[in-house]
Amino acid sequence: MGFKPLVSYCRPVENGVWATAVENEFGPYTPCATDSIVTGISHVVLLGACIYRIWVSKKDIKVERFKLRSNIYNYWLGLLALCSAVEPLFRLIMGISAFNVDGETGLAPYEVCFFLHTFSSTCSFVPTYTCGDDTREIF
């Protein structure tokens, strides 16, 4: 069907829904391409931006951290970020796939990588919302 490592990574179904119903150049590789290329790159950029923000705010005391009217709002946003981080971890543990329309069992390797990227990038939100008391009110 194609390049052997790509086939083992993406696990396309030859005459499945993605090969017949979707008319694009990726064909049966469509879910693998969208998860790996589009969302994978955006999660890596998001993770880098959050880690840079945490690093700059911890390194330089003169950097002002932002907060809302009270710390309750910051902790509420931190809780929402934690819930967003737990969701891909739950789907990984339970083996729930969003792209499994062909009735396959188990997760493809690209989905495992996607869940781990999503978990790590959304976990990086939590410290950005809940760090420090030397903050400046913005709203």
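Residues numbered from 1 in each chain as written. Predicted model: local features only at pLDDT ≥ 70, side-chain atom pairs only at ≥ 80, totals over all residues. Heavy atoms only, no water.

**Q** Would you mind going over the overall build of the protein chain with me for this structure?
**A** The number of helices and strands found in the protein chain is six helices and two strands. Reading the helices (α) and strands (β) of the protein chain from amino to carboxyl end gives α-α-α-β-α-α-α-β. Residues classed as buried in the protein chain amount to 27% of the 139 residues present. For the protein chain, contacts bridging at least 24 residues in sequence account for 65% of all contacts bridging at least 6. In the structure as shown, the protein chain presents an accessible area of about 9,100 Å², 66% of it carried by carbon and sulfur atoms. (Helix = DSSP H or I, 4+ residues; strand = E, 2+ residues; numbered from the N terminus. Buried < 20%, exposed > 50% of the residue type's maximum accessible area, 1.4 Å probe, protein only. Contact = heavy atoms within 4.5 Å. Areas by Shrake-Rupley, 256 points an atom, 1.4 Å probe, with all protein chains shown as cover.)

**Q** Please explain the packing of aromatic side chains as it appears in this structure.
**A** Centre-to-centre distance and the angle between the planes together describe a pair of aromatic rings. Counted by the stated rule, this structure contains three aromatic pairs. Ring geometry for Tyr52 against Trp55: centres 6.1 Å apart, planes inclined by 45°, an arrangement best described as tilted. Taken together, the residues Tyr52 and Trp55, both in helix α3 (residues 30-59) and three residues apart, mark about one turn of the helix. (Phe/Tyr/Trp six-rings, centres within 6.5 Å; stacked < 30°, edge-to-face > 60°.)

**Q** Hey, could you run me through the nonpolar core in this one?
**A** Generally speaking, a soluble globular protein has its nonpolar side chains buried in company with each other. Cys10, Tyr29, Cys32, Ala108 and Tyr110 together form the largest nonpolar core, which totals five residues. Discounting residues that sit within four places of it in the chain, Ala108 has contacts with Tyr9, Cys10 and Arg11. (Core = buried A, V, L, I, M, F, W, Y, C linked by side-chain atoms within 4.5 Å.)

**Q** Help me understand the pattern of salt bridges, please; the structure alone is not making it clear to me.
**A** Where side chains of opposite charge bring their charged atoms close, a pairing between them can arise. Taken as a whole and assessed by the stated rule, the structure comprises one salt bridge. The closest approach of N and O atoms between Arg91 and Glu87, which form a salt bridge, is 3.3 Å. Placement of both Arg91 and Glu87 in helix α4 (residues 71-94) is noted, with a separation of four residues, approximately one turn of the helix. Classification of Glu87 as partly exposed rests on a relative accessible area of 38%. (Salt bridge = Lys/Arg side-chain N within 4 Å of Asp/Glu carboxyl O.)

**Q** Looking at this model, I keep getting lost on the confidence of the model for the protein chain. Mind explaining?
**A** Low-confidence regions, as indicated by low pLDDT, have predicted coordinates that should not be scrutinised in detail. Per-residue pLDDT for the protein chain averages 78, and the proportion of residues at 70 or more is 84%. Contacts of residues 133-139 to residues separated by more than four positions or lying in other chains number 17 contacts, the stretch itself having pLDDT below 50. (pLDDT = per-residue confidence, 0-100.)

**Q** How should the packing of α3 against helix α5 (residues 109-123) be read in this particular structure?
**A** The angle between the axes and the distance between the axes are what describe a pair of packed helices. One can describe the packing of α3 onto α5 by two numbers: an axis separation of 9 Å at closest approach and a directional angle of 20°. As the angle between them shows, α3 and α5 are arranged roughly parallel. The element α3 and its partner α5 pack so that their crossing is left-handed. On α5, the residues touching Pro31, Cys32, Asp35, Ser36, Thr39, Gly40, His43, Val44, Leu46 and Leu47 of α3 are Tyr110, Glu111, Phe114, His117, Thr118, Ser120 and Ser121. Here the residues of the contact of α3 with α5 sort into seven nonpolar, eight polar and two charged. (Axes fitted to C-alpha atoms, helices over the stretch in contact; angles between N-to-C directions. Parallel < 35°, antiparallel > 145°, perpendicular 65-115°, else oblique. Left-handed = near helix turned anticlockwise from the far one by under 90°. Nonpolar A, V, L, I, M, F, W, Y, C, P; charged D, E, K, R; others polar.)

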